[in-house]
Amino acid sequence: NDVILDHLDDNIKSTDRSGVWRYLISFKNLLRAIENIGIVSVYGIRYLTTGDVTQKNFIKYVEHDTLIWEYLNSSIHLAPYLEKKFNKIYSGDAYKFYRQSDSSIIQNAMNVEKSSSNITSAMKYYESITEYMTELRSCINELRDDIEEVAQEELNAADQEKIAGIAILSFISIVTIIFYFFVK
């Protein structure tokens, strides 16, 4: 996935002649955020079910959790209308439980005395992560529709410019033919 997304990113940057590039990069960042949420959920569920996490896993958890925020904030920067959608997601119960669990994991993961396994909490965490990811995917679907709309508008504008160019070229050709016959 990373290779494809990086290649897409390079292609978008090299052809930034249109207004759609911001939406495309925002789309890519949302995909990466969802990917990192999935990774974080694996580490979170591991902690919640076993009550134990290695230092290496904890570092990866924090790293991927940070990347989620980087990608989401970048998406908002490139497509500002997403902020309202994200705020609606952030006010939901699934997101709140996910962040509460996340805070608990970060605070207690490296403290063996506070570690405990809780399958019920792990299941609820899984369900909240799944709902959160589903809500973000709906944002991706809306963003995809917006990309299609903007791209279609730009294609229509290009068609209009092409028609205008053909009309001007035709007019010049006709005037040239008329001048040719007058000069002769």
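Structure: see above.
None of the values given here were measured: they were computed from a predicted structure. (Residues numbered from 1 in each chain as written. Predicted model: local features only at pLDDT ≥ 70, side-chain atom pairs only at ≥ 80, totals over all residues. Heavy atoms only, no water.)

Draft legend 1. Here's a closer look at helix H4 (residues 82–90). For H4, the full list of buried residues reads Leu82, Phe86, Ile89 and Tyr90. Take H4 and look down its axis: the buried residues cluster within an arc of 95°, on one side only. Turned more than 90 degrees away from the buried face of H4 sit Lys84 and Lys88, all of them exposed. Buried residues along H4 sit in contact with helix H2 (21–50), helix H3 (55–78), helix H5 (93–108) and helix H6 (119–183). (Buried < 20%, exposed > 50% of the residue type's maximum accessible area, 1.4 Å probe, protein only. Helix = DSSP H or I, 4+ residues; strand = E, 2+ residues; numbered from the N terminus. Arc of directions from axis to C-beta. Contact = heavy atoms within 4.5 Å.)

Draft legend 2. How the structure looks around the environment of serine 138. Considering the arrangement of structural elements, one finds serine 138 in helix H6. The class for serine 138 is partly exposed, based on a relative accessible area of 33%. Separated by 53 residues in the primary sequence, serine 138 and lysine 85 place their C-alpha atoms 9.7 Å from one another.

Draft legend 3. Local environment of the nonpolar core. By size, the foremost hydrophobic cluster in this structure holds 37 residues, and its most contacted members are Leu30, Leu72, Phe86, Tyr98, Tyr125, Tyr132 and Leu136. Of all the secondary structure elements, the ones that give two or more residues to this core are H2, H3, H4, H5 and H6. With eleven residues, the top contributor of residues to this core is H6. Excluding anything up to four places from it in sequence, leucine 136 contacts Leu30, Ile34, Ile37, Leu72, Phe86 and Ile89. (Core = buried A, V, L, I, M, F, W, Y, C linked by side-chain atoms within 4.5 Å.)

Draft legend 4. Main features of H5. With 16 residues, H5 should reach 22 Å at 1.5 Å per residue; the first-to-last C-alpha distance of 22 Å fits that figure. Those residues of H5 that fall on the buried side of the exposure criterion are Ala94, Tyr95, Phe97, Tyr98, Ser101, Asp102, Ile105 and Asn108. Considering only its buried residues, H5 is in contact with H2, H3, H4 and H6. (Expected span 1.5 Å × (residues − 1).)

Draft legend 5. Fine view of the pattern of salt bridges. Scanning the entire structure with this criterion turns up five salt bridges. A salt bridge links aspartate 102 to arginine 99; its shortest N-O distance comes to 3.0 Å. Here aspartate 102 pairs with arginine 99, and both are found in helix H5, just three residues apart, close to one helical turn. We classify arginine 99 as partly exposed; its relative accessible area is 21%. What you see here is one network of salt bridges that share partners, running through Asp65, Arg99 and Asp102. (Salt bridge = Lys/Arg side-chain N within 4 Å of Asp/Glu carboxyl O.)

Draft legend 6. Up close: the packing of H5 against H6. Remark: H5 packs on H6, axes separated minimally by 8 Å, with the N-to-C direction vectors making an angle of 125°. By the angle between their axes, H5 is oblique relative to H6. When the axes of H5 and H6 are compared, the crossing they make is left-handed. For the pair H5 and H6, the contacting residues are Ala94, Tyr95, Phe97, Tyr98, Ser101 and Ile105 in the first and Ser121, Lys124, Tyr125, Ser128, Ile129, Glu131 and Tyr132 in the second. Its residues placed into classes, the contact of H5 with H6 shows eight nonpolar, three polar and two charged. (Axes fitted to C-alpha atoms, helices over the stretch in contact; angles between N-to-C directions. Parallel < 35°, antiparallel > 145°, perpendicular 65-115°, else oblique. Left-handed = near helix turned anticlockwise from the far one by under 90°. Nonpolar A, V, L, I, M, F, W, Y, C, P; charged D, E, K, R; others polar.)

Draft legend 7. Structural view of the packing of aromatic side chains. Scanning the model with the defined rule gives ten aromatic pairs in all. Linked through ring pairs, Trp69, Phe86, Tyr90, Tyr95, Tyr98, Tyr125 and Tyr132 together constitute an aromatic cluster. (Phe/Tyr/Trp six-rings, centres within 6.5 Å; stacked < 30°, edge-to-face > 60°.)

Draft legend 8. A nonpolar patch on the surface, seen in detail. Where nonpolar side chains cluster on the molecular surface, the patch consists of Ile174, Ile178, Phe179, Phe182 and Val183 and spans about 590 Å² of accessible area. Checked against the element boundaries, phenylalanine 182 lands in helix H6. (Patch = residues over 30% accessible without salt bridge, like charges linked within 9 Å, V, L, I, M, F, W, Y side chains within 5 Å. Areas by Shrake-Rupley, 256 points an atom, 1.4 Å probe, with all protein chains shown as cover.)

Draft legend 9. The packing of H3 against H5, seen in detail. Taken N-terminus to C-terminus, the directions of H3 and H5 make an angle of 145°; their axes are 11 Å apart at the nearest point. In this structure, H3 meets H5 at a crossing whose hand is left-handed. The segment H3 lies against H5, with Phe58, Tyr61, Asp65, Ile68 and Trp69 engaging Tyr95, Tyr98, Arg99, Asp102, Ile105 and Ile106. When grouped by side-chain class, the residues that make up the contact of H3 with H5 number eight nonpolar, no polar and three charged.

Honestly, that's just the spatial picture; any functional story needs more than this.
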